[in-house]
Amino acid sequence: MRTISLGLLISTMLATLAGQSFAGETRARQVLDRFEHANQWRDHVMVAAHRAGSMQAGKTLYAENSIAAVEGSIAMGAEIVEVDIRRSKDGEFVVMHDSWLDRTTTCKGEVVAYTLAELRSCRLVVEGTGVVTGETVSTLREMLMATRDRILINLDNKLEVGDLSGMIAVARHLGMAEQVIVKENLWSQNRISTVKAAMDAIGGGFQFMPILADDAVHDSGFAKTVDQAFSLRAIELINWRDGAQRLTETGGPLFSTRMRAAAVSGDWHIWADTYAIVNKPGGFLAGGRGDELAIQASLPAEAWGFWAERGATIIQTDEPKAAIDWLAANGYRVPYADEARPAEPAKTASIN
């Protein structure tokens, strides 16, 4: 368990003193304050629900990328929901991970082959259970409306960089662009220039988060270059796991003391991914220390705790409820105005 620091005590006191003023703010505004001021909240780990948060304790409860899953994530206290964006045949932005409909809906074929009206007949399916829900494929606008003033929303762009402008335009029309996080992979100076030109063309008022992976980026110097090019609040860092690789002991080259120092210097969050990828080794994006280790092996300290100790202040997971509960019980979360702190730390197993 993390030792309770002076910073944590100060943060708790500030949260208590500010509780009265926060009471008049929306939940999204309170979360945004923590997202935009990383250095003030280093003792708090935010939780992002992958594909809106469809799982609990290894079981799929909701259709992925569904409004029902979003409602569940909001209810459990997640700060961010991540959803995937594609286009319909007639150009409407819709929420869907795969390029095809077969896995997650009652329809078959490519998303882009269906008009929005046709997609309205495709009901979402709870993967692995055969349960057909009453919910159909959502538009981006509908998903944004479901999150408005309640939670931050990370749009995973499955299209081209240029399509981000249209997504932000929808959010701006709803007056909620600041709640929206968009991200793009960066690996070279040329890529930085391409993405920066796209971001500059869109204008400000939303959150841009670059993704750096350790197959192409090997040190904190590149992160500093990225920080100089963009007005950052977070950087997503990926520690790839080889199939035969043992659990990472260090977090790889990106989760270094220099990277943590760069994050403090730039006042931005380190975002880690512990969610699973189908047909890939457990913890594929997290050096083996993913949700499988936390849930199936009952070793959350070696997954979520490991990344928190290496500077992650945002963790994206398929298990938002379990992550929130464990992080809160072990001193990694500072309660919001309407939340109570757990009475005592939880005792968990360790492989160290």
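Observations concerning the environment of A63
Moving on, step 1. The residue A63 is located in the loop between β3 (59–60) and α3 (67–76) in this model.
Moving on, step 2. The exposure class of A63 is buried, given its relative accessible area of 3%.
Moving on, step 3. Once residues lying within four places of it in the same chain are set aside, the contact partners of A63 are S54, A69, L124, V125, V126 and T133.

What about the state of the cysteines?
Moving on, step 1. Scanning the entire structure with this criterion turns up one disulfide.
Moving on, step 2. Disulfide pairing is shown between C107 and C122; the S-S distance is 2.1 Å. Handedness of the C107-C122 disulfide follows from its S-S torsion of about -100 degrees: it is left-handed. In this pair, C107 is assigned in the loop between β5 (93–95) and α4 (116–119) and C122 in the loop between α4 and β6 (123–126), connecting sequence segments 15 residues apart.

So, helix α5 (residues 140–147)
Moving on, step 1. Considered for burial, the residues of α5 that qualify are L140, M143, L144, A146 and T147. Buried residues of α5 fall within an arc of 160 degrees about the axis and therefore sit on the same side.
Moving on, step 2. Lining the buried residues of α5 we find α3, β4 (80–87), β5, β8 (152–157), α6 (164–173) and β9 (180–185).
Moving on, step 3. Phi for D149, located one or two positions after α5, is positive at around 65 degrees.

Some remarks on the environment of D273
Moving on, step 1. Relative to the assigned elements, D273 resides in strand β12 (residues 269–273).
Moving on, step 2. Considered as a pair, D273 and A48 are 225 residues apart in the sequence and their alpha carbons are 9.1 Å apart.
Moving on, step 3. Beyond its immediate sequence surroundings of up to four residues, D273 is in contact with E236, I238, L285, A286 and Q316.
Moving on, step 4. Looking at D273, its side chain comes within polar contact range of the side chain of W271, at 2.9 Å.
Moving on, step 5. A distance of 2.7 Å separates a polar atom in the side chain of D273 from a polar atom in the side chain of Q316.

Focus on the packing of aromatic side chains
For any pair of aromatic rings, the description consists of the separation of the ring centres together with the inter-plane angle of the planes.
Moving on, step 1. Inspection of the entire model under this criterion finds five aromatic pairs.
Moving on, step 2. Between the aromatic rings of F255 and W307, the centroid separation amounts to 4.6 Å while the plane-to-plane angle is 55 degrees, which identifies the pairing as tilted. Remark: W307 occurs in helix α11 (residues 304–309) and F255 occurs in the loop between β11 (234–238) and α9 (257–266); sequence separation between them is 52 residues. Of the two residues examined, F255 and W307, each falls in the buried class.
Moving on, step 3. Ring geometry for F306 against W307: centres 4.9 Å apart, planes inclined by 85 degrees, an arrangement best described as edge-to-face.
Moving on, step 4. The class for F306 is buried, based on a relative accessible area of 6%.
Moving on, step 5. A relative accessible area of 1% places W307 in the buried class.

Quick look at the packing of α3 against α5
Moving on, step 1. Running from amino to carboxyl end, α3 crosses α5 at an angle of 20 degrees, the nearest separation of the two axes being 10 Å. Between α3 and α5, the interaxial angle falls into the category roughly parallel. The way α3 lies across α5 gives a crossing that is right-handed. In this structure, α3 uses I67, V70, E71 and I74 to contact α5, whose residues at the interface are E142, M143, A146 and T147.
Moving on, step 2. In terms of residue class, the contact of α3 with α5 is made up of five nonpolar, one polar and two charged.

Brief notes about the pairing of β6
Each regular strand carries side chains that alternate between the two faces of the sheet.
Moving on, step 1. Of the pairings in the sheet, the one linking β6 to strand β7 (residues 131–136) comprises three bridges and is antiparallel in character. If you follow R123 over to β7, its bridge partner there is T136.
Moving on, step 2. What sits between β6 and β7 in their antiparallel hairpin is a turn of four residues, with G128 showing a positive phi close to 85 degrees.

Thresholds applied
Residues numbered from 1 in each chain as written. Predicted model: local features only at pLDDT ≥ 70, side-chain atom pairs only at ≥ 80, totals over all residues. Heavy atoms only, no water. Helix = DSSP H or I, 4+ residues; strand = E, 2+ residues; numbered from the N terminus. Buried < 20%, exposed > 50% of the residue type's maximum accessible area, 1.4 Å probe, protein only. Contact = heavy atoms within 4.5 Å. Disulfide = S-S within 2.5 Å. Arc of directions from axis to C-beta. Polar contact = N/O pair within 3.5 Å; in protein donor to acceptor, adjacent residues only side chain to side chain. Phe/Tyr/Trp six-rings, centres within 6.5 Å; stacked < 30°, edge-to-face > 60°. Axes fitted to C-alpha atoms, helices over the stretch in contact; angles between N-to-C directions. Parallel < 35°, antiparallel > 145°, perpendicular 65-115°, else oblique. Left-handed = near helix turned anticlockwise from the far one by under 90°. Nonpolar A, V, L, I, M, F, W, Y, C, P; charged D, E, K, R; others polar. Pairing = 2+ DSSP bridges.

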